[in-house]
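Commentary on secondary and tertiary structure
Here is how the chains run, residue by residue.
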Amino acid sequence: MKQDFCLVRITLVVVLLMTFSVLVAPIYAVPEGYRKTTIELNSPPVGLLFDMSGVLYAMEGATFGTNTAMIRVIHPDGSFGTNLPIVGDDEDNFFIGSMTYDPLADGLLITDNTADGRIYSLSKAGSKQLVASGIPAIAGIAVRGSGEVFVSTALGDNLGQVLQIDRTSGTATPVVSGLDFGAGLAFDAAGDLFIQDADATTFAGRIQRLPIDDTGGTLSFGSLVPLIDGMQSSAGIAFDSEGDLFSTGSGGLFTLSGMPLAEVLFDSNGDPFQFATAIAFSPGTAPFEPFAGPDGGRLALMSNFGFNNQDTFITVIEPLSAPNADFNGDSLVDVMDLGTWQTNYGLADSAILAQGDADGDQDVDGKDFLIWQRQYLASNELAAPLAIPEPNTLLLAGLFILALRTRGKLTS
């Protein structure tokens, strides 16, 4: 009787601890099927881009009063390559507006809002050339698949524009007027330009689509198509490999979908003053969808460039691999795998599949148990005699497993 009472007490205490650990998990986690990691830098990233091979380039802004910025080169495996310094043409300052990958030159295009505004081309070897000047307040820059360069400007109420830049002469030709604070630019798979700007008074975001026709290498532009207005986000936009649109701004990272477009929060750190800015996407061989695995592509962003706090790291979001509870790799989901989960319960940050991380989020917790339980019941005819309950909550899952653990200790 005394043993049973102790068993109940110990079980309830540990279950409460398990439940508490679940309740205090981050509320603002990415949707199920994705994981979020960070890459530490030396200072806040003010620009991001991926090249065609998935290498990530992160611009660390120049210190005020200096004209040298540093670009960090980050390989797909997370290792750092050789830094790329870039020196602005102004002697005293270098104010980066944005940057993008240039597929035509396999290099980088970087904007500098010092003085009259400039666009630089930077090779991967570090060679810099001036592409254009005399373009004040450049906000966004994008390159169409056919090689044409476009920028947006943030000059204020009804003064912002989208300009096409001639690579040879540097001439800037307006193609859209009447923007407020121009922001992100992105091309869809059809080659149409999506334009984001922010209201000069409310700073609410807006996205419009500019239809572009390419006939014989000459571009012609249709009328702007309004897509969404009054957005919370208004800093940057990017398409993933499936044509889904993501947007950054006040509150974090958003996804835009549906007809008409609707803005849905995708990731946030919960800070009411959070302001996400730079964003870039690298496609994989699989869609950027939940549980698509490491081939699903990567989305990188500057998560918070707020006044109260500025991240000195890049946030990277990737699809998890499909849930797998075969922890010992014997092609079976059985009680041996349950023992692995039991032994390693509570591991965090760097847990792997062999330690009981079934969902690939680098920890071992109640969610991994539920995956094991579902796969065990689905694949083992001997599941019924084990009498595993079908829990409706993690509390019941913890109760079942921890009762087994503590019973063994008390009766030994």
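**Structural notes on the overall build of the protein**
In terms of helices and strands, the protein carries five helices and 26 strands. Scored against the burial criterion, the 412 residues of the protein give a buried share of 46%. Looking at the protein alone, contacts between residues at least 24 apart form 48% of all its contacts between residues at least 6 apart. Total accessible area on the protein is roughly 19500 Å²; 57% of this is exposed by carbon and sulfur atoms.

**Details of the environment of P76**
Examined against the element boundaries, P76 turns out to sit in the loop between strand 4 (68-74) and strand 5 (84-87). The exposure class assigned to P76 is partly exposed, which follows from its relative accessible area of 48%. With 206 residues separating them along the chain, P76 and S282 place their C-alpha atoms 9.9 Å apart. Setting aside anything within four residues of it in sequence, one finds P76 in contact with S53, G54, V55 and R298.

**Considerations on the nonpolar core**
With 18 residues, the main nonpolar core has Y57, M59, I71, I86, F94, L108 and I110 as its most contacted residues. When residues of this core are traced back to their parent elements, those giving at least two are strand 3 (56-60), strand 4, strand 5, strand 6 (96-102), strand 7 (107-112) and strand 8 (118-122). Once residues lying within four places of it in the same chain are set aside, the contact partners of I110 are M59, I71, I86, F94, S98, M99, R118, I119, Y120 and L122.

**Here we look at the sheet that holds strand 19 (residues 225-231)**
Spatially, four strands are ordered 14-15-16-19 in an open sheet, and the strand pairing comes out antiparallel. With partners counted over all chains shown, the strands left at the sheet margins are strand 14 (181-187) and strand 19, one partner each. Here the strands of the sheet are splayed against their neighbours by 20° on average, with no regard to which way each runs. The sheet contact formed by strand 16 (residues 205-210) and strand 19 spans five bridges and is antiparallel. In the strand pairing of strand 19, G205 is matched with M231.

**Quick look at the packing of helix 2 (residues 335-344) against helix 3 (residues 366-379)**
Think of two packed helices as two axes; the pair is described by the angle between the axes and how far apart they sit. Contact geometry of helix 2 with helix 3 gives a least axis separation of 11 Å together with a crossing angle of 175°. By the angle between their directions, the pair helix 2 and helix 3 is classed as roughly antiparallel. For the pair helix 2 and helix 3, the contacting residues are V335, D337, L338 and W341 in the first and G366, D368, F369, W372 and Y376 in the second. Its residues assigned to classes, the contact of helix 2 with helix 3 shows six nonpolar, one polar and two charged.

**Focus: the confidence of the model for the protein**
In this model, the protein carries an average pLDDT of 87, and 85% of its residues clear a pLDDT of 70 or more. Note that residues 389-396 has pLDDT below 50 and, in this model, 14 contacts with residues that lie over four places away or in other chains.

**With respect to the environment of L108**
Along the polypeptide, L108 turns up in strand 7. Distance in space between the C-alpha atoms of L108 and G126 is 9.7 Å, their sequence separation being 18 residues.

**Overview of the packing of aromatic side chains**
Applying the stated criterion to the full structure yields 15 aromatic pairs. The interplanar angle of 85° and the centroid separation of 4.9 Å between the aromatic rings of F194 and F239 together place this pair among those described as edge-to-face. Taken together, the residues F194 in strand 15 (residues 193-198) and F239 in strand 20 (residues 236-239) connect sequence positions 45 residues apart. Summarising the burial analysis for this pair, F194 and F239 share the class buried. One aromatic cluster is present, formed by Y34, F246, F266, F281 and F288 through successive ring pairs. It is K128 that lies over the ring of Y120; its NZ or CZ is 4.4 Å from the centre.

Cut-offs and rules
- Residues numbered from 1 in each chain as written.
- Predicted model: local features only at pLDDT ≥ 70, side-chain atom pairs only at ≥ 80, totals over all residues.
- Heavy atoms only, no water.
- Helix = DSSP H or I, 4+ residues; strand = E, 2+ residues; numbered from the N terminus.
- Buried < 20%, exposed > 50% of the residue type's maximum accessible area, 1.4 Å probe, protein only.
- Contact = heavy atoms within 4.5 Å.
- Areas by Shrake-Rupley, 256 points an atom, 1.4 Å probe, with all protein chains shown as cover.
- Core = buried A, V, L, I, M, F, W, Y, C linked by side-chain atoms within 4.5 Å.
- Pairing = 2+ DSSP bridges.
- Axes fitted to C-alpha atoms, helices over the stretch in contact; angles between N-to-C directions.
- Parallel < 35°, antiparallel > 145°, perpendicular 65-115°, else oblique.
- Nonpolar A, V, L, I, M, F, W, Y, C, P; charged D, E, K, R; others polar.
- pLDDT = per-residue confidence, 0-100.
- Phe/Tyr/Trp six-rings, centres within 6.5 Å; stacked < 30°, edge-to-face > 60°.
- Lys NZ or Arg CZ within 6 Å of the ring centre and 35° of its normal.

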